[in-house]
Amino acid sequence: MRRWHGLDEVPADWGRSVVTIGVFDGVHRGHARIVRAAAERARERGLRSVAVTFEPHPDEVVRPGSHPPLLTTARRRVELLGELGTDAVLVVPFTAEQSREPADEFVRRVLVDALRAEHVMVGADFRFGHRARGDVALLAELGDKYDFTAEGIPLVADSDAGTETITSTRVRAELDAGDVEAAARALGRPHRVEGVVVRGHQRGRALGFPTANLETPPHSAIPKDGVYAGWLVADTDRFPRFRWPAAISIGTNPTFEGAERTVEAYALDRDDLDLYGEHMAVDFLARIRDTLKFDSVEALIEEMHRDVSRARDLTAETS
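Just so we're clear, the structure is a prediction, and the values are computed from it rather than from any experiment.

What counts, and at which threshold
Residues numbered from 1 in each chain as written. Predicted model: local features only at pLDDT ≥ 70, side-chain atom pairs only at ≥ 80, totals over all residues. Heavy atoms only, no water. Axes fitted to C-alpha atoms, helices over the stretch in contact; angles between N-to-C directions. Helix = DSSP H or I, 4+ residues; strand = E, 2+ residues; numbered from the N terminus. Parallel < 35°, antiparallel > 145°, perpendicular 65-115°, else oblique. Left-handed = near helix turned anticlockwise from the far one by under 90°. Contact = heavy atoms within 4.5 Å. Nonpolar A, V, L, I, M, F, W, Y, C, P; charged D, E, K, R; others polar. Pairing = 2+ DSSP bridges. Right-handed = clockwise from strand over helix to strand, strands pointing away. Domains from an automatic or database assignment. Buried area = accessible area lost by both parts, 1.4 Å probe. Salt bridge = Lys/Arg side-chain N within 4 Å of Asp/Glu carboxyl O. Polar contact = N/O pair within 3.5 Å; in protein donor to acceptor, adjacent residues only side chain to side chain. Core = buried A, V, L, I, M, F, W, Y, C linked by side-chain atoms within 4.5 Å. Buried < 20%, exposed > 50% of the residue type's maximum accessible area, 1.4 Å probe, protein only. Expected span 1.5 Å × (residues − 1). Arc of directions from axis to C-beta.

(A) Broad picture of the packing of helix α5 (residues 103-114) against helix α6 (residues 136-146). Between α5 and α6, the shortest axis-to-axis distance is 11 Å and the interhelical angle comes to 60°. If you check the angle between α5 and α6, you find them oblique. Our pair here, α5 against α6, has a crossing hand that is right-handed. Residue-level contacts link A103, D104, V107, R108, L111 and V112 of α5 to L138, L139, L142, K145 and Y146 of α6. Residue classes in the contact of α5 with α6 are distributed as eight nonpolar, no polar and three charged.

(B) Representation of the pairing of strand β6 (residues 149-153) in the model. Where strand β5 (residues 117-123) meets β6, five bridges bridge the pair, whose relative direction is parallel. Bridged to H119 within β6 is T149. Regarding topology, α6 serves as the crossover connection from β5 to the parallel β6, and that connection is right-handed.

(C) How the structure looks around the domain arrangement of the chain. Taken domain by domain, the chain consists of domain 1 (2-153) and domain 2 (190-317). Relative to domain 2, the C-alpha centre of domain 1 lies at a distance of 36 Å. With eight residues of domain 1 at the contact, the number on the domain 2 side is eight residues. Where domain 1 abuts domain 2, roughly 680 Å² becomes buried across the two surfaces, and 51% of that area is made up of carbon and sulfur atoms. The tally of links from domain 1 across to domain 2 stands at one salt bridge. The partner of E194 in a salt bridge is R75, with the nearest N and O atoms 3.0 Å apart. For the interface between domain 1 and domain 2, the tally reads five residue pairs in polar contact (both at pLDDT 80 or more). Of the residues assigned to the side of domain 1 that touches domain 2, the class counts are four nonpolar, two polar and two charged.

(D) Expanded view of the nonpolar core. The biggest cluster of nonpolar side chains holds 31 residues, and the ones touching the most others in it are L232, I248, L275, M280, V282 and F284. At the level of elements, α7 (168-176), α8 (180-187), β7 (192-198), β8 (212-215), β9 (226-234), β10 (242-251), β11 (262-267) and β12 (279-289) are the ones that each hand at least two residues to this core. Not counting chain neighbours up to four residues away, the residues in contact with F284 comprise V180, P190, H191, V193, P223, Y228, A229, I248 and I250. Counting residues in each nonpolar core, the second largest holds 30 residues, with A88, F94, A117 and V136 among its members.

(E) Summary view of α5. For α5, which comprises 12 residues, the first-to-last C-alpha distance of 16 Å matches the rise-based estimate of 16 Å (1.5 Å per residue) to within 8%. Listing the buried residues of α5 in full gives A103, F106, V107, V110, L111 and A114. Taken around the axis of α5, the buried residues stretch over an arc of 145°, which confines them to a single face. Its buried side turned inward, α5 meets β2 (17-21), β3 (48-55), β4 (88-93), α4 (96-99), β5 and α6.

(F) Expanded view of the side chain of H31. The residue H31 is located in helix α1 (residues 29-45) in this model. A relative accessible area of 12% means that H31 is categorised as buried. Filtering out sequence-adjacent residues up to four positions away, H31 remains in contact with F24, D25, G26 and S168.

(G) Geometry of the sheet that holds β6. Taken in spatial order, the six strands line up as β1-β4-β3-β2-β5-β6 in an open sheet, and their pairing is parallel. With one partner strand each, in any of the chains shown, β1 (2-5) and β6 form the two edges of the open sheet. For this sheet the average axis-to-axis angle between neighbouring strands, irrespective of direction, equals 20°. Sheet contacts for helix α3 (residues 74-83): β1, β3 and β4; angle to β3, the most-contacted strand, approximately 160°.

(H) Spatial organisation of the environment of D104. One can find D104 in helix α5. Between the C-alpha atoms of D104 and F128, which are 24 residues apart in sequence, the distance is 9.7 Å. When residues no more than four places from it in sequence are discounted, the contact partners of D104 are L142, K145 and Y146. Separated by 2.7 Å, the side chains of D104 and Y146 make a polar contact.

(I) A look at the pattern of salt bridges. Summed over the entire model, instances satisfying the criterion amount to 25 salt bridges. Between D147 and R16 there is a salt bridge, and its shortest N-O distance comes to 3.4 Å. Here the residue D147 occupies a position in the loop between α6 and β6, and R16 occupies one in the loop between β1 and β2, the gap between them amounting to 131 residues. Accessibility expressed as a relative area gives 54% for D147, which makes it exposed. By relative accessible area, R16 is classed as partly exposed at 27%. Measuring nitrogen to oxygen at the nearest pair gives 2.5 Å for the salt bridge that ties D290 to R287. The class for D290 is partly exposed, based on a relative accessible area of 43%. Each member of the salt-bridge network shares a partner with another, and the members are R289, E303, R306 and D307.

Have a look at this one:
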């Protein structure tokens with residue numbers, strides 16, 4: 001799969017293509033349906049497929065300070081899109097100038113001049129151009145003008161939630177409620193939070209549960225405070241294809257009167273890992289309990305043993 005950051009990186013001889021467009025935050029099952037459909041249509045026509053996404057999130061540019069919690073980093077989003085079979089991912093830097101760009105100009109600049117689109121597939125609720133005035137009907141109209149066809153793909157409904165469609169906004173709400181299992185069903189995989197392992201107060205090590213304290217990127221979608229079962233994940237030179245069952249704690253450590261919210265993961269039964277400075281991730285499987293303030297350190301340690309036992313059972317069930 002090819003990765004392009006900006007239109008200047010698209011090869012001049014790329015040829016005609018089937019294109020899909022979206023922010024694709026989370027690359028959830030609804031997004032996956034569209035990207036896979038575009039890749040399949042490209043194969044049928046003997047063409048290549050391109051997924052177009054944006055960085056930063058357009059909401060932050062259009063309404064500064066309103067940045068939604070991000071379900072995936074830009075790097076992870078590109079990786080997930082590639083796994084869906086698209087031949088190339090184009091990341092378009094989203095700027096204030098672009099937010100004021102008329103729909104016709106966006107189509108000409110991106111779809112026609114850069115990608116030479118033959119067919120464009122988007123979600124049925126797709127909006128584009130200045131003030132999001134463009135929709136699928138306008139895209140099809142512009143396709144007649146610029147010699148491509150356009151198609152709106154129906155949104156995916158979650159059978160577990162009646163007719164409610166799967167959206168990034170809904171997944172964020174599920175994470176805010178601590179319902180990581182519902183979020184995983186919508187995403188098609190466990191929700192992941194990434195970060196660099198930094199030194200914390202090292203209380204976990206003193207208590208017998210050394211944790212990896214993740215410094216997460218700004219605006220990361222972090223689940224509600226609590227204790228979760230999941231996995232500590234890495235794919236680095238030092239830790240290639242590392243995935244270990246973990247108990248994950250999110251919160252301010254109220255027993256120690258903490259103020260800073262942290263994401264910490266204890267790799268079950270491992271006290272030999274030197275992870276400082278490594279880029280790691282945690283995948284969330286299930287919520288174990290709320291964050292609690294304990295009357296004593298001894299009571300906290302007892303509860304942590306129960307958390308670890310529960311995390312071990314839960315991860316064993318899905319391994």
